[in-house]
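# Residue-level structure breakdown
Spelled out from the first residue to the last, the chains are:
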Amino acid sequence: MSTAISFEHVSKTFAVDGREFEALRDVNLSVERGDVYGIVGYSGAGKSTLLRTVNALERPTSGRVVVDGRDVTALNGRDLSAVRQRIGMIFQQFNLLQSRNVYQNVAYPLKLAGLPKAEILDRVEELLEFVGLSDKALQYPRRLSGGQKQRVGIARALASRPDILISDEATSALDPQTTGEVLDLLRRVNREYGVTILLVTHEMDVVRSIANKVAVMQDGEVVEHGTVYDVFANPTHPTSRRFVSSVVAHEAPASALARIRTVHTGRLVRIHVGDRESNDPFLSRIARTHGVDFNVVYGGVSELQSRLFGTLTVELLGADVDVDAAIRDLAEVAEVAELSGPRELEAVDA
Ligand SMILES: Nc1ncnc2c1ncn2[C@@H]1O[C@H](COP(=O)(O)OP(=O)(O)OP(=O)(O)O)[C@@H](O)[C@H]1O
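Residues numbered from 1 in each chain as written. Predicted model: local features only at pLDDT ≥ 70, side-chain atom pairs only at ≥ 80, totals over all residues. Heavy atoms only, no water.

The name given to the chain in an unreviewed UniProt entry is ATP-binding cassette domain-containing protein, with Agromyces seonyuensis as the source organism. Quoted verbatim from the Sequence similarities (unreviewed entry) field of the UniProt record, the comment on the chain reads "Belongs to the ABC transporter superfamily." (UniProt positions renumbered as here; feature names shortened; annotations may be inferred.)

Shown next as structure tokens:
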């Protein structure tokens, strides 16, 4: 696999009211060709600024952004235009030309590039068919729904046959149903046209449904990155954990644990369940071996990219020595942590 975009020690400082503000701090990331790479973070984390360095709408203060082997931070004029043609961009507010119809909006970049009329006609027809808007060619943007507007935005972004599509909160203004349809379309853009997608969002659901990799940003830094499966199954940074818990609620928050404790006074363990190939019924097997009982008091298992992951909070009941032995055996087959006191309860919410 080859690298489509690499961010190398990218920092960006803005001058705000005479003071320096660091919007990006030493960002290092590699987006491979064919990836759908999600960048998540709360408002102000630096996501859009990072995204905009890819087509040099924003220039880093230091560091390099290499796109298809070319350092875009060093490009200007015609060279930069040539690289920009290889990068499509879509926006939250669609950015369509209101005075032009759907056909003209999609044709616009091709006209600018000086393509012959007949070629433009063929290309726009193909694109409108791809995004399912062939019957809307003569409509003006104000007559379209949000989802339709974003389809036009996607068709326009694909007009010059880019290798890379960058998406800045493209679904944030859409309802969940329409979001799903636009994400389906982006998935097809990735699979059928082989376009690498870098998308910024504050919705972890978007990442879960479309991305294969994810980076979590906070205060201008990438605090965690990896495959979507790894980050969802085992988020390590508190911000990632918060994002993951917004869409998968496998781990009991402190409030739930406190309530559980009022009823379940035995020893509680948290068991991370990975994608298991064996059908070993390990919980009941280990419980039987050591003569302990168990209650599953919280948790869940989900599927992501055809793999399972989950977390179960389990109460173990029995003599301490037997529970100790059971926990040791559990640790052989899964990641296990005992939830002992108030300190542990706080840690879950961190
Ligand atoms: N041109 C600019 N001049 C000064 N400050 C800026 C500029 N552009 C961005 N910033 C600041 O940089 C920080 C990061 O902004 P950015 O838009 O990249 O964040 P974000 O993670 O995309 O947030 P959001 O989700 O709200 O768009 C913010 O504090 C923002 O105010």
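On we go from here.
Now for the site of the ligand. Around the ligand sit 13 residues, and of these S43, G44, K47, S48 and T49 come closest. Backbone polar atom of G44 to an oxygen atom of the ligand: 2.8 Å apart, as the coordinates give it. One of the backbone N or O atoms of G46 is found 2.9 Å from an oxygen atom in the ligand. Its free accessible area being 630 Å², the ligand has 61% of it covered by the protein chains. Elements that contribute at least two residues to the shell around the ligand include exactly strand 1 (3-16), strand 2 (19-32) and helix 1 (47-54). In terms of residues, the shell around the ligand owes the most to one element, helix 1, which gives three residues. Residues belonging to the shell around the ligand are distributed by class as follows: six nonpolar, five polar and two charged. (Near = heavy atom within 4 Å. Polar contact = N/O pair within 3.5 Å; in protein donor to acceptor, adjacent residues only side chain to side chain. Areas by Shrake-Rupley, 256 points an atom, 1.4 Å probe, with all protein chains shown as cover. Helix = DSSP H or I, 4+ residues; strand = E, 2+ residues; numbered from the N terminus. Nonpolar A, V, L, I, M, F, W, Y, C, P; charged D, E, K, R; others polar.)

Mapped onto this structure's residue numbering, the UniProt feature "domain: ABC transporter" (unreviewed entry) falls at residues 5-244. Between the C-alpha atoms that bound residues 5-244 there is a distance of 25 Å. The span itself is 39% helix and 29% strand.

What follows is about the environment of A4. Here A4 lies in strand 1. The contacts of A4, once residues within four sequence positions are left out, are V31, E32, R33, V66, V67, D68, I164 and T196. (Contact = heavy atoms within 4.5 Å.)

Moving on, we get to the pairing of strand 1. Sheet analysis places strand 1 next to strand 2, joined by 10 bridges and oriented antiparallel. When the sheet's bridge partners are listed, T3 is paired in strand 2 with E32. Counting the residues between successive antiparallel strands, the hairpin from strand 1 to strand 2 contains two residues, one of them, D17, with a positive phi of roughly 50°. (Pairing = 2+ DSSP bridges.)

Inspection of the secondary structure assignment puts R151 in helix 5 (residues 146-158). Beyond its immediate stretch of four places on either side in the chain, R151 contacts V131, L133, E181 and L185. Of the polar contacts made by the side chain of R151, one reaches the backbone oxygen of V131; its length is 2.8 Å.

Together, E119, D122, E125 and E129 give the surface a local cluster of negative charge. Turning to its location among the elements, E119 is positioned in helix 4 (residues 117-130). (Patch = residues over 30% accessible without salt bridge, like charges linked within 9 Å, V, L, I, M, F, W, Y side chains within 5 Å. Salt bridge = Lys/Arg side-chain N within 4 Å of Asp/Glu carboxyl O. Lys, Arg positive; Asp, Glu negative; His and termini not counted. Charge placed at Lys NZ, Arg CZ, Asp CG, Glu CD.)

Now for the confidence of the model for the chain. Averaged over every residue, the pLDDT of the chain is 92; residues scoring 70 or more account for 97%. Here residues 341-350 scores under 50 on pLDDT; set against residues more than four positions off or in separate chains, the count is 16 contacts. (pLDDT = per-residue confidence, 0-100.)

Right, let's get into the domain arrangement of the chain. Examined at the domain level, the chain breaks down into domain 1 (3-245) and domain 2 (254-349). Distance between the C-alpha centres of domain 1 and domain 2: 41 Å. Across the boundary between the two partners, domain 1 contributes nine residues, which contact 11 residues of domain 2. Counting the contacts that link domain 1 with domain 2 gives zero salt bridges. Across the domain 1-domain 2 interface, the total number found is three residue pairs in polar contact (both at pLDDT 80 or more). Sort the elements by how many residues they give to the side of domain 1 that touches domain 2 and helix 8 (residues 228-233) lands first, with four residues. Across the side of domain 1 that touches domain 2, the residue classes break down as five nonpolar, two polar and two charged. (Domains from an automatic or database assignment.)

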